[in-house]
Amino acid sequence: MNDAYVLPFEWPVVEFEARIAQMRAFAEGQGMDVPEAFEPLDREAAAWRARIFGSLSAGERVQLARHPRRPTARDVIQALSDDFYELRGDRHAMDDPAIVGGIGSFGGVPIVWLGHHKGSDAQDRRHCNSGMPHPEGYRKAIRLMRHAARFNMPLVSLIDTPGAYPGEDAERHNQGGAIANAIVEMASLTVPTVSIVIGEGGSGGALALGVADRMLMLEHAYYSVISPEGCAAILWKSAAKAPFAAQALRLTAEDCHALGVVDEVIQEPPWGAHRDPAASAAFIAEALQRHLSWLLALSRSELLQRRYTKYRTMGSFSEVQE
Amino acid sequence: MSFLTGSRFSRPRRASSESCVRKRLKETVWHFCPQCRCLVARDAWFGAGKACQACGYHARIGSRERMRQLVDVGSFVELNAGLRAQDPLRFVDTRPYVERLREAYDGGRRDEAVLTGTGCIGGIPVALAVMDFDFLGGSMGCVVGERVARLIEHATAHALPLVMVTASGGARMQEGVLSLMQLANTTMAFTRYRACRRLAVAVLTDPTMGGVTASFPSLADVILAEPGARIGFAGRRVIEQILRQSLGADFQVAEALLRDGLIDQIVPRWQLRGELMRLLRLHAPKPVGAGSLALVGTVQ
């Protein structure tokens, strides 16, 4: 594994594992075949990892959600749908690579896939703006949502963005309005919709693809109203306080589930989806299959009524009689 | 109190002399415009709704005052006044959220960042939502979202036109992802409002930023703005940090938004009520068949 992608809290155990590997290579070089000699060491390393990953702080969870090797939306779509046909462009100004979408079958049913794409390597990430869409990207998403409604296909969206792109042109091209229109379009879709937060769920830029009948979230993903850094800069007046902000914002998958924003937390392979993308995709496929088949059994009016009630009752307040 | 009469405290300072002048002005018929530093007749200043007609400066005003300026006298009925914010995350930054909330309530002077209800504008009944920047930066938390959503539902049920005046820094961080969900909550209510074919007007005032621009105001049929209002999704400083250069003075200002085609009109505060009346009259529901009859009349 490339050293550059080792997260700070993983370092001690990664070093330990490297030592074991060295010793094993040395033993094999000497012609010794003693796998049982390494067993306690391997057990120790696994226990250490489990300890670290069992007590991750919210700030460390955010680092995991941002892991550069974490499977992107494109990876997940390709793993779940082998006949994916990509559709591109907003039919108006440009094709925003930060939004990926198209048609592909899943479990024998053609569905419309939509997602934020962060990019697979450094160059691709620059090209995709690290998954931060421009207003044109949201207009592309709207176009794909209409496609789903027109051909009566379920829509599955994969959320993985630090937020909408903050730029001069993005503002002049109505970033806020584009997001608002994507939200209203998705809210009024007449087909079943499922959203999965697979990495970063960054604010309005994420919600634009996330008003769905079923909201799922990977174990090590986060979903928040503002990035921990942004929150720390405003409330603590220092971006260095981001770990505290991450803790206070309650942005982890379990917290979002407890707050009622997310319907189900999808398990990840041990030590993060990036360790075993195929296993992670299998967990996603299982959950998606279950929720989609349940939604497909509902009538259109029931679907819309349930979605309306779901989002109209989200929030926490008290009511006093005046 | 001899220690207070020492030279340090008794020496007259320039700042205090200016505030002294201002204090005396307050008692007379003149008002001192903070932007152009002109003397404005108090009647003109308040007649324009706390704006300077000479330089176009618009002072920030609270939601109750704005409501008084817009609706016919005595016609306003507040809705859902009893909704109160909770602290779902038990959020603590440098201070606990509950403490900030208590301070913002200010002993009952303000009760949330939005005031909603029904009233008449020039005799036409409307549903109104007016945001208040002085309550935690006009931030949209669960109560703001719920009040707006319930108002939109009320407007849908009674087929009322909708007037929404915004002033907000964005979503309320202290309520975390639940305040983000208020974008979905208000939008969800709006999907049904569209079906009843009544006019929705948004009036964007200084400042309207962040999450609020990504929900109900942007969905309005007609979008108006006050002169000089700062309106945008991402904060100016954030964009400057990313671009590593400073942006023009008119970036994210109402006048630039008008040029870029993001809003319909810029309306000074002293004309707002009149413009709303005109718009509402033009969109008054027509009885079936009446439209064509009137048209025949004009042709003859």
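Residues numbered from 1 in each chain as written. Chains lettered and ligands numbered in written order. Predicted model: local features only at pLDDT ≥ 70, side-chain atom pairs only at ≥ 80, totals over all residues.

A. Spatial organisation of the overall build of chain A. Along the backbone of chain A there are 14 helices and 9 strands. Over its C-alpha atoms chain A spans a radius of gyration of 21 Å, differing by no more than 12% from the 20 Å that the globule rule assigns to 322 residues. With respect to the three principal axes, the spread of C-alpha positions in chain A is 70 × 50 × 45 Å. Within chain A, buried positions represent 49% of all 322 residues. For chain A, restricting intrachain contacts to residue pairs at least 6 apart in sequence, the fraction spanning at least 24 positions comes to 71%. (Helix = DSSP H or I, 4+ residues; strand = E, 2+ residues; numbered from the N terminus. Rg over C-alpha atoms; globule rule 2.2 N^0.38 Å. Buried ≥ 20, exposed ≤ 12 C-beta atoms within 10 Å, placed from the backbone. Contact = placed C-beta atoms within 7 Å.)

B. Layout of the domain arrangement of chain B. Residues and elements named next belong to chain B. Its domain assignment divides chain B into domain 1 (13–59) and domain 2 (60–282). In this structure, domain 1 and domain 2 have C-alpha centres spaced 27 Å apart. Facing the 9 residues of domain 1 at the interface are 10 residues of domain 2. (Domains from an automatic or database assignment.)

C. Expanded view of the interface of chain B and chain A. With 52 residues of chain B in contact, the opposing surface of chain A contributes 47 residues. The set of elements that each furnish at least two residues to the side of chain B that touches chain A consists of β4 (83–85), α6 (142–158), α7 (176–195), α8 (216–219) and α9 (236–243) of chain B. Here the side of chain B that touches chain A gets 15 residues from one element, more than from any other, and that element is α7(B). Residues of the side of chain B that touches chain A, tallied by class, amount to 32 nonpolar, 16 polar and 4 charged. One ladder, built from 3 bridges, connects strand β9 (residues 317–319) of chain A with β4(B); its direction is antiparallel. Directly across from A:S318, in β4(B), lies its bridge partner B:R84. (Nonpolar A, V, L, I, M, F, W, Y, C, P; charged D, E, K, R; others polar. Pairing = 2+ DSSP bridges.)

D. The confidence of the model for chain B, seen in detail. Residue and element names in this part refer to chain B. Taken as a whole, chain B shows an average pLDDT of 87; of its residues, 86% reach a score of 70 or greater. The least confident element of chain B is helix α1 (residues 7–10), whose mean pLDDT is 43; the most confident is strand β9 (residues 222–225), at 97. pLDDT under 50 marks residues 1–13. Its contacts with residues more than four places away, or in other chains, come to 3 contacts. In the predicted complex, the global pTM is 0.89; the interface-specific ipTM is 0.92. (pLDDT = per-residue confidence, 0-100.)

E. Main features of α6(B). All names here are of chain B. Helix length check: α6, at 17 residues, gives a terminal C-alpha distance of 24 Å against a target of 24 Å (1.5 Å per residue), a fit within 8%. By the criterion of burial, α6 is predominantly enclosed, with 12 of the 17 residues buried. After α6 finishes, the residue A159 shows a positive phi value of roughly 50°. (Expected span 1.5 Å × (residues − 1).)

F. Geometry of the packing of α6(B) against α7(B). Residues and elements named next belong to chain B. As a packed pair, α6 and α7 sit with axes 8 Å apart at the nearest point and diverge in direction by 5°. Here α6 lies roughly parallel to α7, going by the angle between them. Where α6 abuts α7, its residues C142, V144, G145, E146, V148, A149, I152, E153, A155 and T156 lie against L178, S179, Q182, N185, T186, A189, F190, R192 and Y193. A class-by-class count of the residues in the contact of α6 with α7 yields 10 nonpolar, 6 polar and 3 charged. (Axes fitted to C-alpha atoms, helices over the stretch in contact; angles between N-to-C directions. Parallel < 35°, antiparallel > 145°, perpendicular 65-115°, else oblique.)

G. Fine view of the pairing of strand β3 (residues 109–116) of chain A. Residues and elements named next belong to chain A. The element β3 is largely enclosed, with a buried count of 6 among its 8 residues. Pairing geometry for β3 and strand β4 (residues 155–161), over 4 bridges, is parallel. Opposite L114, over in β4, you have S157 as the bridge partner.

H. Looking closely at the pairing of strand β7 (residues 162–168) of chain B. All names here are of chain B. Among the 7 residues that make up β7, 7 are buried, leaving the element largely enclosed by the rest of the structure. With burial as the criterion, each face of β7 is covered, one bearing L162, M164, T166 and S168 and the other bearing V163, V165 and A167. Looking at chain direction, strand β6 (residues 124–131) and β7 are connected through 4 bridges and run parallel. The residue of β7 that forms the bridge with A127 is L162. Handedness of the crossover joining β6 and β7 through α6: right-handed. Note that β7 and strand β8 (residues 200–209) share 6 bridges and pair parallel. (Right-handed = clockwise from strand over helix to strand, strands pointing away.)

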